[in-house]
Amino acid sequence: MAPSSSSPRNWRYNVFVSFHGQDARKSFLSHLRRQFNENGITMFDDQGIERGQTITPALKQAIRESRISIVVLTKNYASSSWCLDELLEILKCKEPAVGQIVMTVFYGVDPSHVRKQTEDFGKVFDETCARKTEEERREWSQALTVAGNIAGEDFINWDSEAKMMEKIARDVSNKLNATSSRELDDIVGLEAHLLEMLSLLDLDYDGVKMVAISGPAGIGKSTIARALHSLLSNGFQLSCFMDNLRESYPTGLDECGLKLRLQDQLLSKILNQDDIRIRHLGVIEERLRYKKVLIILDDVNNIKQLEALAKETTWFGPGSRVVVTTENKELLQQHGIENTYNVGFPYDEGALEILCRYAFRQSYPHIGFKKLAKRVTKLCGNLPLGLRVVGSSLRGKNEEEWGEIIRRLETILDHRDIEEVLRVGYESLHENEQSLFLHIAVFSNFKDGHLVEAMFADDNLDIKYGLKILANKSLIHVFDNEKIVMHKLLRQVGRQVIQREERWKRRILIDPQEICDVLEHAEGKTAVSGISFDISDIDELSINPMAFKRMRNLRYLSVYNSKNDGNSMIDIPEALEFPRRLRLLHWKEYPRKCLPPTFHPEYLVELNMKGSQLEHLWHGSQRMTNLKNMNMYGSLHLKDLPDLSHATNLERLDLTRCESLVALPSSIGNLHKLEKLLMHKCKSLESVPTNINLASLLDVDMGGCSRLRTFPDISTNMTSLDISETAVEEVPASISMWYYLWSLSIRGTGNLKTITQFHQSLYLLDLSYTDIDKIPECNNGLDGVEYLYLAGCRRLTSLPELPGSLISLLAENCESLETVSSPLNIPKAHLNFTNCFKLDQKTRGAIMQPRPFHYKLAILPGREIPAEFVHRGHETIGPFPASSRCQACLRISRNNHKHPIDDVNVQFSYRIIGESGYAITISNGVEAYPGESTGVQTEHLCIFQCDLPEDEYIRLKLGSEIWFEFINSPFESCEIIECGVRILMEDEEEMSSGRSNKCGLDQVSGRREVLEESDDDDSDHTTDGLFSCEFVSTILLNFSSGQDHEASFSFAQLLNLHKSI
């Protein structure tokens, strides 16, 4: 694997400057040299080298031995073949094998003129090339294009050349510092964190700034802060890193004494003088107010620390920066620090790499360990500290030993140093917040905040304040202003806190055997507020009818089977009395047909009986004004619902797969706060109450309710409606007035014949496998649609003008479809006309017309590749000039020998291969309708555009000529018979698209992700070249049945981070 550009090596010079002598030596270069001298930056001096027609070996050596090259592009730069050859050499050194950083300065010349070699710069370049070979011209032109694309300083944007010089020197200094800290080289994801922090620090601002880094314990705040100190300290007159203030906070002193002791420590560090003792609190301001300082305060947990060490920005000189790391965001608000970087958990790939760095001392697992490594990563919850400690403990261990540690991790947090770090946050809480922390850890993770507030409303706690405290201390995260999430390791800490309490003091019971004893012998205590009972290892239990009698304060009862094996035998007596003040009842697979007759839901906030054997809940009308969430998912035998008239605060009603439920009660009309009504696959449902208006109702899912014939107008505020696979014959007439509707699925509704008009808010429309014979025009509500699904509409003969917003058109198996309105002004769409055999020639021509594609691919029936695709082959076609833009056409047929048609993925890929053998893989596909697809029945054509990357690194790696290699996925249901490629000219594209668009690699693809081994393949993947892994973009052509697959369009950007820092 090629070394990283940040890999430590010895550089003779800090900077090499490439310039045109007549334009820059006596003005720009002399000023820059003076500025570099002031900043301690060594620059190569070429005064002793005689310039001629070719650069000398000494000059090449100087370029290779310089850490940074600065290319000063001026009007006459291209008049010198010497300068142009220097540029070629510099760009060679920019490749990862050498790892040089390249910067640009545009001094009196427009970057676009350099990039395109136009205007006066282009004329000078043409004159130089007139005496050279075509090969030399091509190489120089390509190098100037690359240089012109490197973001640099443009003199026209500055009113002072001196200030521009200072900025360049500062940037150079930062880049040199960024590559000097060897101990930080192997920290995964560090550069991305530094980029965020550099943006907040805004080092060009001359004032004083305070910036914070916040996040939970173990996330890496201190690591980022140390890297910042290493990166930036040389750019300040004085700097210091105040370690772990939480632990070093003095005790036993009054407030003034505390502040004096902290200031002693700060001045001792920043002035590098031991045992400084100060006598008053004004000394810091006196000593530092004229100094440009960098101060990092690590792990602050008390506002007095900030008041002692950085009370005012006026204490420090112009350009100073103070960085604070803390788990407590409230401290930052109190101190007025607004610029905060919240450190998030790494993505799965990054977390796995962190573990591997410590477990295997490389970035990927050893052969045979991939599944184990992924499991450990998941168990550590992607927490960097946990991954580092656990990874280190696994180093050198065999698979059996890994298995033992995994089993221990699944039950307890066995690594004490992680626990102690995470316990710090818990122990810093007051008693009320500690109680709230424990209850969330056990009962309320991933619940909505307002649901949690309601659930704890009568516990004499200020819930909103408590949640704010927990969030500020990074013990919980609140996503989308609603969902409360506590990290897995923090939840484990909470459970250990409970287990370590003396039994008679426990308010929450979580030990299964202890709970068995309590329920069998009615030994519960009054203090008990919650029971979380995992019955997965309980073979048999007979609950005492008086089990809850003594637990008058029980509020939260959760019974579940973590193994989902259904093997536990729980006997619940009919006379069992649940506590009257229960606020949470979660009993998965409840075994009785009805709740006890004494059951009172008056205080219930959440009733979750998922997968129960219930046929009825209770009889008659009950008070339940606190109920917000009712979940009966998968209660297959539930025949009816009780009177819900008093459930006036119910927000979510989930009846999914309640297959015996025949009707909804009329009392549903009283649910004026209901937002979600989920009844998917209620196969016996025949009717929905009419003459009701639920203005709050946003999301209705009745897909798969096969006996439902009518759907009334129950809300005009809906955003999503699914009545697919029902017997509904028409949609409500008012649907054109549903101003907020963005998703409508009527798929498989065979009785539906016509659709006339929608509101323009519609984003997704699924009419697949219906008997409609036409769809509305754009001006009747389709003008904003992005996803239009028409698969299997056998009576559909034509399509009107399609909206320009369209991303995906799915029209496979539309056997009567003949025409599509043209021209197709849908540059972002991918089109699936699989098995549409009646398409006329005009429509076929419009589909195959070259246009600027973003992630577009089209598939349609065809037995012959059009003649304009003059370059033909079976797998590999080329060579082509690297600057080419091409369109490819593949002739494919169904492969009946690979897999059954109901369980395959098809992916068409191509590789761009350069002269050196360097290759990138790009995958294109078109979505097929999951569940009903018959697959490609005959030969088809797949057309897509083969755009080349504009990233200069990749272009240089590819070289001047490229080949296309077309690849089959190992699981494809189609095989490639023949490939064709045609070169697209600028004028041809402009004529067909109405505009010119130079697409880059990211515009071809749908989703770019790291190509990694399958779970069953532990082979070692490394590649020589620019990256240590291949990047591919993936849009799958799915012919899989029984599942819903959604196309996802997100991009992993290829960033040159060293160019950006």
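Rules used throughout
- Residues numbered from 1 in each chain as written.
- Predicted model: local features only at pLDDT ≥ 70, side-chain atom pairs only at ≥ 80, totals over all residues.
- Heavy atoms only, no water.
- Helix = DSSP H or I, 4+ residues; strand = E, 2+ residues; numbered from the N terminus.
- Buried < 20%, exposed > 50% of the residue type's maximum accessible area, 1.4 Å probe, protein only.
- Contact = heavy atoms within 4.5 Å.
- Pairing = 2+ DSSP bridges.
- Axes fitted to C-alpha atoms, helices over the stretch in contact; angles between N-to-C directions.
- Core = buried A, V, L, I, M, F, W, Y, C linked by side-chain atoms within 4.5 Å.
- Parallel < 35°, antiparallel > 145°, perpendicular 65-115°, else oblique.
- Nonpolar A, V, L, I, M, F, W, Y, C, P; charged D, E, K, R; others polar.
- Left-handed = near helix turned anticlockwise from the far one by under 90°.
- Phe/Tyr/Trp six-rings, centres within 6.5 Å; stacked < 30°, edge-to-face > 60°.
- Lys NZ or Arg CZ within 6 Å of the ring centre and 35° of its normal.
- Arc of directions from axis to C-beta.
- Patch = residues over 30% accessible without salt bridge, like charges linked within 9 Å, V, L, I, M, F, W, Y side chains within 5 Å.
- Areas by Shrake-Rupley, 256 points an atom, 1.4 Å probe, with all protein chains shown as cover.
- Salt bridge = Lys/Arg side-chain N within 4 Å of Asp/Glu carboxyl O.

The name given to the chain in an unreviewed UniProt entry is ADP-ribosyl cyclase/cyclic ADP-ribose hydrolase, with Eruca vesicaria subsp. sativa as the source organism.

Asker: Go over the overall build of the chain, please, and point to the residues and values.
Answerer: Helix and strand counts for the chain come out as 29 helices and 44 strands. The buried share of the chain, reckoned over its 1061 residues, is 55%. Sequence-distant contacts, at least 24 apart, represent 62% of the contacts inside the chain between residues at least 6 apart.

Asker: Account for the sheet that holds strand S5 (residues 209-214), naming residues and giving values.
Answerer: Strand order in this open sheet of 5 strands is S6-S7-S8-S5-S9, and the pairing throughout is parallel. Of all the strands in the sheet, the pair left with one neighbour each is strand S6 (238-242) and strand S9 (339-342). With strand direction ignored, the average angle separating the axes of adjacent strands in the sheet is 15°. Examined bridge by bridge, S6 and strand S7 (residues 293-297) share 5 bridges and lie parallel to one another. Looking across to S7, one finds that methionine 242 is bridged to leucine 297. The strands touched by helix H9 (residues 221-232) within the sheet are S5, S6, S7, strand S8 (321-326) and S9, with S6 carrying the most contacts at an inclination of about 165°. Lying on the sheet, helix H11 (residues 255-270) is in contact with S6 and S7; it crosses S6 at an angle near 130°.

Asker: Hey, could you go over the nonpolar core for me, with residue numbers and the actual values?
Answerer: With 114 residues, the main nonpolar core has Trp587, Met702 and Phe833 as its most contacted residues. Core analysis: the second largest hydrophobic core is formed by 33 residues, Phe437, Phe443, Met486 and Val497 among them.

Asker: I'd like to hear about the packing of helix H15 (residues 348-359) against helix H16 (residues 370-379), residue by residue, with values.
Answerer: Relative to each other, H15 and H16 sit at 110°, their axes nearing to 9 Å. In this view, H15 runs roughly perpendicular relative to H16, as classed from their interaxial angle. Residues Ala351, Leu352 and Leu355 of H15 touch H16, and the partners they reach there are Ala373, Lys374, Val376 and Thr377. When the residues that make up the contact of H15 with H16 are grouped by side-chain class, the tally is 5 nonpolar, 1 polar and 1 charged.

Asker: Before we move on, could you go through the packing of helix H8 (residues 190-201) against H9 and cite the residues and values that matter?
Answerer: Their axes nearest at 10 Å, the elements H8 and H9 cross at an angle of 70°. Looking at the two axes, H8 sits roughly perpendicular to H9. In this structure, H8 meets H9 at a crossing whose hand is right-handed. Seen from H8, the contacting residues are Leu190, His193, Leu194, Met197, Leu198 and Leu201; seen from H9, they are Ile224, Ala227, Leu228, Leu231 and Leu232.

Asker: Which residues make up the packing of aromatic side chains, and what values do they have?
Answerer: Counting across every chain of the model gives 20 aromatic pairs. With centroids separated by 5.6 Å and ring planes inclined at 35°, the aromatic side chains of phenylalanine 443 and tyrosine 556 adopt a geometry described as tilted. Here phenylalanine 443 is found in helix H20 (residues 431-444), whereas its partner tyrosine 556 is found in strand S16 (residues 556-560), with 113 residues between them in sequence. Of the two residues examined, phenylalanine 443 and tyrosine 556, each falls in the buried class. Counting every residue linked through ring pairs, the aromatic cluster contains Phe548, Phe578, Trp587, Tyr590, Phe599 and Trp618. Residue placement shows arginine 581 over the ring face of tyrosine 603; its charged tip is 4.4 Å from the ring centre. Lying across the ring of tyrosine 633, lysine 610 places its NZ or CZ 4.9 Å from the centre.

Asker: Let's hear about helix H18 (residues 399-409): which residues, and what values?
Answerer: Working note: α-helix, 3.6 residues per turn, so residues spaced by three or four point in the same direction. Every buried residue belonging to H18 is among Trp402, Gly403, Ile405, Ile406 and Leu409, and all of these are buried. All buried residues of H18 lie within an arc of 165° about the axis, which places them on one face of the element. Tucked inside the fold, the buried residues of H18 contact H15, H16 and helix H17 (384-394).

Asker: Help me get a handle on the environment of valine 323, residues and values and all.
Answerer: Summarising the element assignment, valine 323 is placed in strand S8. Judged by relative accessible area, which is 1%, valine 323 ranks as buried. Placed 29 residues apart in sequence, valine 323 and leucine 294 show a C-alpha to C-alpha distance of 7.9 Å. Beyond its immediate sequence surroundings of up to four residues, valine 323 is in contact with Met197, Leu201, Val211, Ile213, Ile295, Ile296 and Leu297.

Asker: Which residues make up the sheet that holds strand S1 (residues 13-18), and what values do they have?
Answerer: Taking strand neighbours across the sheet as the criterion, the 4 strands line up as S1-S2-S3-S4 in an open arrangement whose pairing is parallel. Every interior strand has two partners, whereas the edge strands, S1 and strand S4 (153-154), have only one. In terms of strand pairing, strand S3 (residues 101-106) meets S4 through 2 bridges, oriented parallel. Directly across from phenylalanine 106, in S4, lies its bridge partner aspartate 154.

Asker: Lay out a nonpolar patch on the surface with the relevant residues and their values.
Answerer: A surface patch of nonpolar side chains, amounting to about 350 Å² of accessible area, comprises Met737, Tyr739 and Tyr740. Structurally, tyrosine 740 can be placed in the loop between strand S24 (720-722) and strand S25 (743-745).

Asker: Give a detailed account of the pattern of salt bridges, specifying residues and quantitative values.
Answerer: Applying the stated criterion to the full structure yields 28 salt bridges. A salt bridge links arginine 747 to aspartate 766; the shortest N-O distance between them is 3.8 Å. In this pair, arginine 747 sits in the loop between S25 and strand S26 (764-766) while aspartate 766 sits in strand S26, placing the two residues 19 residues apart along the sequence. Arginine 872 serves as the salt-bridge partner of glutamate 978, at 3.2 Å between the closest nitrogen and oxygen. Of this pair, glutamate 978 sits in strand S41 (residues 974-983) while arginine 872 is found in strand S33 (residues 871-873), placing the two residues 106 residues apart along the sequence. A relative accessible area of 36% places arginine 872 in the partly exposed class. The network of salt bridges with common partners includes Arg872, Arg891, Glu939 and Glu978.

Asker: I'd like a description of the pairing of strand S32 (residues 857-861), backed by residues and values.
Answerer: For S32, a buried count of 5 out of 5 residues is recorded, marking the element as mostly surrounded by other parts of the structure. Two elements, strand S31 (residues 830-832) and S32, share 2 bridges in a ladder whose sense is parallel. Following the sheet pairing, asparagine 832 is matched in S32 by isoleucine 859. Strand direction decides the pairing type here: S32 and strand S39 (residues 940-946), joined by 5 bridges, are antiparallel. Note on S39: the bridge partner recorded for proline 861 is histidine 940.

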